[in-house]
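Residue-level structural notes
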2 protein chains.
Amino acid sequence: MNIFRSGKNPIISPENIKPSSRDLKVVGVFNCGVTKFNGEILLLMRVAEAPINSDPKKKLVPILNVKTGKLIIKELDKADYTVDLSDSRFVKTSDGCYLTSISHLRIARSKNGLDFEIDKKPAMLPENKYERFGIEDPRVTLIDGKYYINYSAISDITGVTTCLASTIDFITFKRHGVIFMPDNKDIAIFPEKIKGRYYALNRPISAEYKTADIWISESNNLLCWGNHRRLMGVREKYWDNGKIGCGAVPFRIEEGWLEIYHGASKANKYCLGAVLLDTIEPWRIIARSKKPIIEPEMDYELNGFFGNVIFSCGVLYEKGMLKIYYGAADTYIAYAEIKLKDVLNELK
Amino acid sequence: MNIFRSGKNPIISPENIKPSSRDLKVVGVFNCGVTKFNGEILLLMRVAEAPINSDPKKKLVPILNVKTGKLIIKELDKADYTVDLSDSRFVKTSDGCYLTSISHLRIARSKNGLDFEIDKKPAMLPENKYERFGIEDPRVTLIDGKYYINYSAISDITGVTTCLASTIDFITFKRHGVIFMPDNKDIAIFPEKIKGRYYALNRPISAEYKTADIWISESNNLLCWGNHRRLMGVREKYWDNGKIGCGAVPFRIEEGWLEIYHGASKANKYCLGAVLLDTIEPWRIIARSKKPIIEPEMDYELNGFFGNVIFSCGVLYEKGMLKIYYGAADTYIAYAEIKLKDVLNELK
């Protein structure tokens, strides 16, 4: 696979982002949806912030107080052996699971797709009980002139859900509530109806049977989803034997719908791969990457808040080229180009 | 609470049911949906069957082979310390979870609501990959002359989902696919539209945040569901501090919608309680039982395949009286009557 990584990578870093409040520091800017708006490339980025902490003996976790709109900062004693800090993203305690950062969505704009002007303020902040631990990993699907944004909403009360919002101007955003119930994230909504129906890829979890597979669901209005069908799971002997989930909004090519998804190995190495779905019956898989199309290699992909991760929520497809905006090490946004024909060769 | 239990209880027992095949024995007939059809009371019952086993050293678990339509009987060695047989309903092994029985749906009919004629053959058998471990716990909702049946579909491949079927004659059944994704069961569909929308109570699970609460979802066609909202959870100091889930199809009374739901204590004692929802805005709770309306007391409720359980998928409401058909000890169907005014008194 011939991959062109930008020499400017990472193209966006935490130090480029103004915190949303004085008490917080930006620990990551990653997993962004991408679209074109007003002749520019627009990224809707996940910005993760952590409470500023001057006490090395404490771990602070942020939680939205829905009534006041302010953050509650919960202090955990690092010396307490019941407090599990082994994963930088979570803290597990005897009374529940917390996130070490809280995410919001922020906009960046660019004329050339590499040099971005970043909004000083959030586009969307967590605001309700489904979002107490933050909003994450947005995908932007343009349908009939309206931009639909699906994002993960995380909350101790309601688990991991996926919500829908829409905008026509990227200034005001309308929330449409929970479209996929706990635990279901990494949703990708197709950009057009197929035989009169919308489709979305999603990843529900069965706690009882330990499955976390990609399913495909149908809708006639983008709000209510049904006819859920299991599409694909992890593959024991491949790069994606640990975890899979959608990445980018699927795009149409001559051969079908191409979806760039993420797969993780059992050792938590996150790569991107491709799956080609039938044009008319997108619940049929035509081919799936035997090897990743891109995997962590560079320092900014290997090291960061959570290293060894490449994760994409948005790809632009233009003139035979996949323009991939991706989260690197849960810290940065990076950019790479891959020719469609190279991806298709790999799918043969 | 004044409860009238039928003197004929249990009104239906495993020995009243003809097995669906010679290799199986009926271990339970319980959790039935109830409706009126052609002037009779019709029960759509869950019938659980286990492989006939002559080897006391083995545990046999049944799995549907979707291609052949026949059962695969998997043999597990009881002496193997990695095989966990501590719960009579499941077997947990290093390669996954199995059910010790496989369920189908069967019809029983009665003129007086107590003496039932039972079909010799199943009404619906498991038949697809979502149903490899069986179909369970049907609820029947009559809407505009059509009977909608939602049931739990269990499969090692797809987890615990809820599927929809419909019938007008209880002879042929049309399947409409998965309406709620893993893990989500104990769904109750309201019997009429409210302000132009259908509603369903359901219970999604967050593995990550260890929640298993009742949510309410909307639909305009019964097939696609959205605007999911969390409705209620377990209550630490009450009878329902372990688990909750829907029971019967909700019915309308003057004060709102009455839902008879099940709650289990942390020690797995399953009782029924009531929750009263607003007539026009059913996502608003008016009142909820502080004590169960009925709890296991009788021998047939305390002892069986899985004892200490009262669980209902169907209640008929007539002339101020709740006529409750319930599963007892995951083995029998029993019948009880409770006056509405007694339930409402308890909700005050």
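Notes on the structure in this doc start here. Please read all numbers here as calculations on a predicted model, not as lab measurements.

On to helix H2 (residues 340-347) of chain A. The element H2(A) is extensively covered by neighbouring structure, given that 6 of its 8 residues are classed as buried. Those residues of H2(A) not exposed but buried are A:Leu340, A:Asp342, A:Val343, A:Leu344, A:Glu346 and A:Leu347.

Right, let's get into the pattern of salt bridges. Residues and elements named next belong to chain A. Inspection of every chain in the model, using the stated rule, returns 48 salt bridges over all chains. One salt bridge connects Asp186 with Arg203, and the closest N-O pair in it is separated by 3.7 Å. Residue Asp186 is located in strand E14 (residues 184-189), and its partner Arg203 is located in strand E15 (residues 198-206); the two are separated by 17 residues in the primary sequence. What makes Asp186 buried here is its relative accessible area of 3%.

This part covers the interface of chain A and chain B. Residue-level contacts link 45 residues of chain A with 45 residues of chain B. Both sides together, the interface formed by chain A and chain B hides about 3,300 Å², and carbon and sulfur atoms give 58% of it. Viewed at the interface, chain B and chain A are joined by 0 salt bridges. At the junction of chain A with chain B, the criterion picks out 17 residue pairs in polar contact (both at pLDDT 80 or more). Contributing elements (two or more residues each) for the side of chain A that touches chain B: strand E7 (96-99), strand E11 (146-155), strand E12 (159-167), strand E13 (174-180), E15, strand E17 (214-219) and strand E18 (224-232) of chain A. For the side of chain A that touches chain B, the element with the highest residue contribution is E18(A), accounting for 7 residues. Along the lines of polarity and charge, the residues of the side of chain A that touches chain B split into 21 nonpolar, 15 polar and 9 charged. In the sheet, E18(A) pairs with strand E18 (residues 224-232) of chain B via 3 bridges, with the strands oriented antiparallel. Bridge pairing links A:Trp225 to B:Trp225 in E18(B).

Turning our eyes to something else, we now look at the packing of aromatic side chains. As enumerated under the stated definition, the model contains 30 aromatic pairs over all chains in all. Connected via pairs of aromatic rings, a cluster forms that spans A:Phe37, A:Tyr147, A:Phe170 and A:Phe173. Directly above the aromatic system of A:Phe306 lies the positively charged group of A:Arg89, at a separation of 3.5 Å from the ring centroid. The ring centre of B:Trp283 lies 4.0 Å from the NZ or CZ of B:Arg229, which sits over that ring.

This paragraph deals with the pairing of strand E25 (residues 321-328) of chain A. Residues and elements named next belong to chain A. With respect to burial, E25 is a largely interior element, 6 of its 8 residues being buried. Linkage of strand E24 (residues 310-318) to E25, two consecutive antiparallel strands, is achieved through a turn of 2 residues, within which Lys319 is found at a positive phi near 50°. Direction of pairing for E25 relative to strand E26 (residues 332-339): antiparallel, over a ladder of 8 bridges. The partner of Ala328 across the bridge, within E26, is Tyr332. Hairpin connection from E25 to E26: 3 residues lie between these consecutive antiparallel strands, with Ala329 at a positive phi of about 55°.

Turning to unusual backbone geometry, a few remarks are in order. For residues besides glycine, phi is generally negative; the peptide bonds are generally trans as well. For the bond from A:Pro182 to A:Asp183, the omega torsion is -25°, close enough to zero to count as cis. The residue A:Asp183 is located in the loop between E13 and E14 in this model. Phi angles above zero are rare outside glycine, and A:Lys319 is one such case at about 50°. For A:Lys319, a relative accessible area of 87% corresponds to the exposed category. Look at B:Asn308: it is not a glycine, yet its phi comes out positive at around 70°. Of note, B:Asn308 is situated in the loop between helix H1 (299-302) and strand E24 (310-318).

This part takes up the relation of the copies chain A and chain B. Copies of the same chain, two in number, are related to each other by a rotation about an axis and a translation along it. If you rotate chain A by 180° and push it 0.0 Å along the axis, it lands on chain B with an RMSD of 0.0 Å. Considering both components of the superposition, the chain copies are consistent with a two-fold axis.

Reading guide: rules and limits
Residues numbered from 1 in each chain as written. Chains lettered and ligands numbered in written order. Predicted model: local features only at pLDDT ≥ 70, side-chain atom pairs only at ≥ 80, totals over all residues. Heavy atoms only, no water. Buried < 20%, exposed > 50% of the residue type's maximum accessible area, 1.4 Å probe, protein only. Helix = DSSP H or I, 4+ residues; strand = E, 2+ residues; numbered from the N terminus. Salt bridge = Lys/Arg side-chain N within 4 Å of Asp/Glu carboxyl O. Contact = heavy atoms within 4.5 Å. Buried area = accessible area lost by both parts, 1.4 Å probe. Polar contact = N/O pair within 3.5 Å; in protein donor to acceptor, adjacent residues only side chain to side chain. Nonpolar A, V, L, I, M, F, W, Y, C, P; charged D, E, K, R; others polar. Pairing = 2+ DSSP bridges. Phe/Tyr/Trp six-rings, centres within 6.5 Å; stacked < 30°, edge-to-face > 60°. Lys NZ or Arg CZ within 6 Å of the ring centre and 35° of its normal. Least-squares fit on C-alpha atoms with pLDDT ≥ 70 in both.

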